[in-house]
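Residues per chain, in single letters:
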Amino acid sequence: MAELGGGRGDGGDKAREEFFSEAQEIVDGLSRDLLLLDQVVKRGSSDPELVNDVFRAVHTMKGLSGLFGATMMSGLSHELEDLLDDLRLGRIELTDQVLDLLFQSVELYGRILSSVKGDGPEPANEVKALLVKLGQVSPQRDGGGTSFHAKYELDPSLLGVLTEYEEHRLRANIQSGLSLYRVHVQFSLATIDSALDELKARARPHGEIITYLPTGAGGDIETIELEILLASREPLELLQQAIYGPNISISEVRRRDEPSGSLMPPPPGLEARLAVPSSLPAPADVGADADWQKKQRATVPPQQQPPSLAPMAAASPGGRDQSLRSISQTVRVDIRKLDHLMNIVGELAIVRTMMLRLTERARGKSEWRDLAVELQRVHRAFDRHLMQMQNGILEVRMVPLGQVFDKLARIVRQISREHDKQVNLVITGAETEIDKLIVEELSDPLMHMMRNAIDHGIESREERMRVGKPPIGTIALNAFQKGNHVVLEVEDDGAGMDPAVILRAAVRLGLTDAEGAQNLSTREILAFVFAPGFTTKEGVTSLSGRGVGMDIVKTNISALGGIVDIGSDLGIGTRITVTLPITLAIISVLALEVSGRMYCMPLASVEEAITLDESQVRLVEGREVMTVRGATLPICRLFKIFGHEPPAADQQKRFVVIAKVGSRRLGFVVDRLVGQQDIVIKALGKTLKSVRGFAGATELGDQRVGLVLDAASLINEVLASIGESRMPVGIGQIDIPSRVHRLSPGGDAE
Amino acid sequence: VKALAPRKGEGRSAMQRADELGKRAEYLAFVLGPEAYAIQIGNIVEILKPLPITEVPRADQGVVGVMSVRGRLCTVIDLKRRFRLTRSFTMDKKSRILLVDVDGEEIGILVDEVLQVYRLSEGEVEPPTVLGTEQPPYVVGIGRPIGGAVLLLLDLSPLFMD
């Protein structure tokens, strides 16, 4: 049968995967850089290096997408590259409109990527529209002429070889009143790469390197002399202290109109340099690569060319141009590989249990005592290392929440511009780490929350002024770790929600009746916004729409095993708190037995387990309830909803596992409590996706599979109502559509 | 699977032979109740001896449950129940679980017995319409290999489409 297995996966797929992850990284990096750029522009300053970074990232994207035949993406990159080139050459100004276009492009990149992956429609029309807009941004030619540097004692032959970009930077620096310095440096040819990088890094905090060219001098064939043109605000003495070295000399380029006693001699060997043909390409409208290549040809031995696809996005905004060495220490790993490793850990955990059983058996016999002690020791060591391995893998799966926050910041900017509201997004705790899979699922719910906060929370500028709030609204996004959970808070300083309005809407929608409404706490009333289809729109107030999409938030967060809570003070603001498990890979469960079958209930939803006292069970409106410590608890017999045969009547003792999700509680009647276990949870296949009530399955040892109950969905199904156990009447019509399940004829699979 | 590429120097006739061989498709034949069925071999991942299967409450009729194959979770289907041949399945020592790739998902199919691999040429496959015009979409043809066997050729994808 060996030939049936077949080879799976091929090189092409792998390359595609690489493409996706690399492109995604570029998109993420672009997004970060644009946000930084946005801040820079808001401050009224500029950051040419950042513009360059963006330009290079787009350039890389163009090459990458061309390589993989992603024509839409390379087309967009091409236009974008032109725009960015104009930007960095100062032909156009970085206005809010231009920034908008850039943000839109990044957003479209993301959508094109997912459409290439097959996750969504191709945004062909949007791209077309954007391309038109990009084309409309026309550069205004800089009328500055060349007279600006005539005042400086710069060699005309040097000026002749500046690229357009370098010329622009030179002009910009002179215009902002910086001084020019000439740095002469000798490098050994063998180490020029790293030495030059080091020098650049040292010079960067003090000024901007405009260009560097070999002088042609330098004594022997082993060394090369470079002339570096540096613009800086700092005096010569300070620069000499900062950039020192055995073969470095710095001098100021004097202004011609300055009275000066000692004229600098012209740099030695300029003529000689001009004789080197390949180092002097015609100055033309060339992109960064051309700049770069020129320098490569001029200064670097060909065998030392760095890779052309620089992993830009990997560099943090603060630490641009990290050395290649530090980048190579990180690896990109497909999350599925980690899942696979986690599965192996799960299987090792089963081995551990078997080992424990063996140890116990050995201990039972006196002649095996020594062996048992030995086994015990081995077991303990195994246990310890397994734990370390499990934690290690979990750690690798963790990514900072900043990944999704960056995306949000972009969305907030976009939405607030759409609504013409000014909003400040204040993020804390972006470094908080959480499972990669959770991060992926978080962007949608968080986006809905942001949209709600801006759309309905933050008031208009005029309204804010009228009530004495600062004209710019604030949305605080806080993240922090709390035990095994991560808490996310979205807090706005907007108008808040009016419980009276929500209650009216809830009554109108039949979520509760006037009588039931009497007993509801504010928190319970606010929870109505999570009901599917909840809206206050037809109401008489201006507080419309708040809550649209909130059921999606709740559903998505629940699917991740999380809890959403909402609090609001009228006129002061709204705070939504999301509590999430730190990882989905391993969960603690309570194993239990129903009609001879094993099930697992996630411990996160278990409040307590108590013995069932049948005499306490009452029927209320056709539902079984019992009283636990004075409170009514609806109960559900799992064997009934699962269609299993009823347990033997003579069974003396049964248990109630009280599960709580959000504010709703339900008691599940089970036959036996087996115990607590840490399990690796696996999703059920597509074929079973319509089956409700299960979060997945896990291997229990002895090759058997145990189903993991989805407490939230079971509670939803059984209670079929929002609100708490008081079960208001007339609630049927707003129930999450209760699908009818065909009960399979039980027990014939043996 | 033997290499079908013609060897150098065997000339045109070898090429033709290879062409003809290339048109043959390989099927794995198995028994379900009274009938013999066959599935294209490319879709079969593995043939397994019976494993413990965990029942999934409230799943569709025809779903036996889930099993774990070396750490991978797979749904197990009883085609007999699905085709309404019988109401329940009994496992014996000839029973096997075919692990089949259906549109990217590995699904276990309970079968009474695995027969053999047939290499069917185009001439040995009849359209399903010979059994009548209204055939379910998962029956893609009738295999009539030399030797007299009659195989219902199945494509499982339509069975799992919603």
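Above this text is the structure in question.
Residues numbered from 1 in each chain as written. Chains lettered and ligands numbered in written order. Predicted model: local features only at pLDDT ≥ 70, side-chain atom pairs only at ≥ 80, totals over all residues. Heavy atoms only, no water.

### Here we look at the overall build of chain A
Along the backbone of chain A there are 23 helices and 22 strands. By residue count, 44% of the 750 residues in chain A fall in the buried class. Sequence-distant contacts, at least 24 apart, represent 68% of the contacts inside chain A between residues at least 6 apart. Accessible surface, chain A: about 37,300 Å² in total, of which carbon and sulfur atoms supply 53%. (Helix = DSSP H or I, 4+ residues; strand = E, 2+ residues; numbered from the N terminus. Buried < 20%, exposed > 50% of the residue type's maximum accessible area, 1.4 Å probe, protein only. Contact = heavy atoms within 4.5 Å. Areas by Shrake-Rupley, 256 points an atom, 1.4 Å probe, with all protein chains shown as cover.)

### Quick look at the sheet that holds strand β6 (residues 96-102) of chain B
Residue and element names in this part refer to chain B. If you walk across this open sheet you meet the five strands as β3-β6-β7-β5-β4, and the pairing is mixed. Edge positions in the sheet fall to β3 (44-48) and β4 (63-69), since each has one partner strand and no second. Shown here is a sheet whose adjacent strand axes are inclined to one another by a mean of 30°, direction ignored. Examined bridge by bridge, β6 and strand β7 (residues 105-111) share seven bridges and lie antiparallel to one another. Counterpart to Leu-98 in the pairing with β7 is Ile-109. (Pairing = 2+ DSSP bridges. Axes fitted to C-alpha atoms, helices over the stretch in contact; angles between N-to-C directions.)

### A short note on the pairing of strand β19 (residues 664-670) of chain A
Residue and element names in this part refer to chain A. Most of β19 is tucked away: six of the seven residues are buried. As paired elements, strand β17 (residues 631-637) and β19 share three bridges and run parallel to each other. Note that in β19 the partner of Arg-637 across the bridge is Val-669. Where strand β18 (residues 655-661) lies against β19, seven bridges are found, and the strand directions are antiparallel. By the bridge assignment, Lys-660 is partnered in β19 with Arg-665.

### Let's talk about the side chain of Thr54(B)
In this fold, Thr54(B) is placed in the loop between β3 and β4. For Thr54(B), the side chain forms a polar contact with the main-chain oxygen of Val705(A), separated by 2.5 Å. Here Thr54(B) is in contact with Val705(A), Leu707(A), Val64(B), Gly65(B) and Val66(B), once residues within four sequence places are set aside. (Polar contact = N/O pair within 3.5 Å; in protein donor to acceptor, adjacent residues only side chain to side chain.)

### Comments concerning the packing of helix α3 (residues 71-88) of chain A against helix α5 (residues 124-136) of chain A
All names here are of chain A. Put simply, α3 and α5 touch, their axes get as near as 10 Å, and they point 20° apart. With respect to their mutual orientation, α3 and α5 come out roughly parallel. Here the hand of the crossing between α3 and α5 comes out left-handed. Of the residues in α5, those touching α3 at Met-72, Gly-75, Leu-76, Glu-79, Leu-80 and Leu-83 are Ala-124, Val-127, Leu-130, Leu-131, Leu-134 and Gly-135. Split into classes, the residues belonging to the contact of α3 with α5 amount to nine nonpolar, two polar and one charged. (Parallel < 35°, antiparallel > 145°, perpendicular 65-115°, else oblique. Left-handed = near helix turned anticlockwise from the far one by under 90°. Nonpolar A, V, L, I, M, F, W, Y, C, P; charged D, E, K, R; others polar.)

### Overview of the packing of aromatic side chains
For any pair of aromatic rings, the description consists of the separation of the ring centres together with the inter-plane angle of the planes. For the structure on display, the rule yields six aromatic pairs over all chains. A centroid spacing of 6.3 Å and a plane angle of 20° characterise the contact between Tyr599(A) and Phe694(A), whose relative ring orientation is stacked. With Tyr599(A) in strand β13 (residues 597-602) and Phe694(A) in strand β21 (residues 694-699), the pair connects residues that are 95 residues apart, well separated along the chain. Residue classification places Phe694(A) among the buried positions, given a relative accessible area of 9%. Considering the side-chain rings of Phe642(A) and Phe694(A), the 5.3 Å spacing of their centres and the 35° angle between planes classify their relative orientation as tilted. Here Phe694(A) lies in strand β21 and Phe642(A) lies in helix α22 (residues 638-642), a separation of 52 residues in the sequence. Over the face of the ring belonging to Phe160(B) we find Arg82(B), whose NZ or CZ atom lies 5.9 Å from the ring centre. (Phe/Tyr/Trp six-rings, centres within 6.5 Å; stacked < 30°, edge-to-face > 60°. Lys NZ or Arg CZ within 6 Å of the ring centre and 35° of its normal.)

### Observations regarding the nonpolar core
Of all hydrophobic cores here, the largest spans 93 residues; its most connected members are Leu401(A) and Leu446(A). Sequence-distant contacts of Leu446(A), defined by excluding residues within four places in its chain, comprise Val404(A), Phe405(A), Leu408(A), Leu477(A), Leu488(A) and Val490(A). Listed in part, the 58 residues of the second largest apolar core include Phe639(A), Leu719(A), Tyr37(B) and Leu73(B). (Core = buried A, V, L, I, M, F, W, Y, C linked by side-chain atoms within 4.5 Å.)

### Examining the environment of Ile146(B)
Locating Ile146(B) in the fold gives a position in the loop between β10 (139-143) and β11 (151-154). In this structure Ile146(B) comes out as exposed when scored by relative accessible area, which is 81%.

### Looking at the pairing of β21(A)
Residue and element names in this part refer to chain A. Most of β21 is tucked away: five of the six residues are buried. With five bridges joining them, β21 and strand β22 (residues 705-709) adopt antiparallel strand pairing. For Ala-697, the partnering residue across the bridge sits in β22 and is Leu-707.

### Brief notes about unusual backbone geometry
Residue Asp420(A) is not a glycine yet carries a positive backbone phi of 55°. Summarising the element assignment, Asp420(A) is placed in the loop between α15 (402-418) and β6 (423-428). A relative accessible area of 68% places Asp420(A) in the exposed class. Non-glycine residue Arg58(B) carries a positive phi angle of around 70°. Counting through the fold element by element, Arg58(B) comes out in the loop between β3 and β4.

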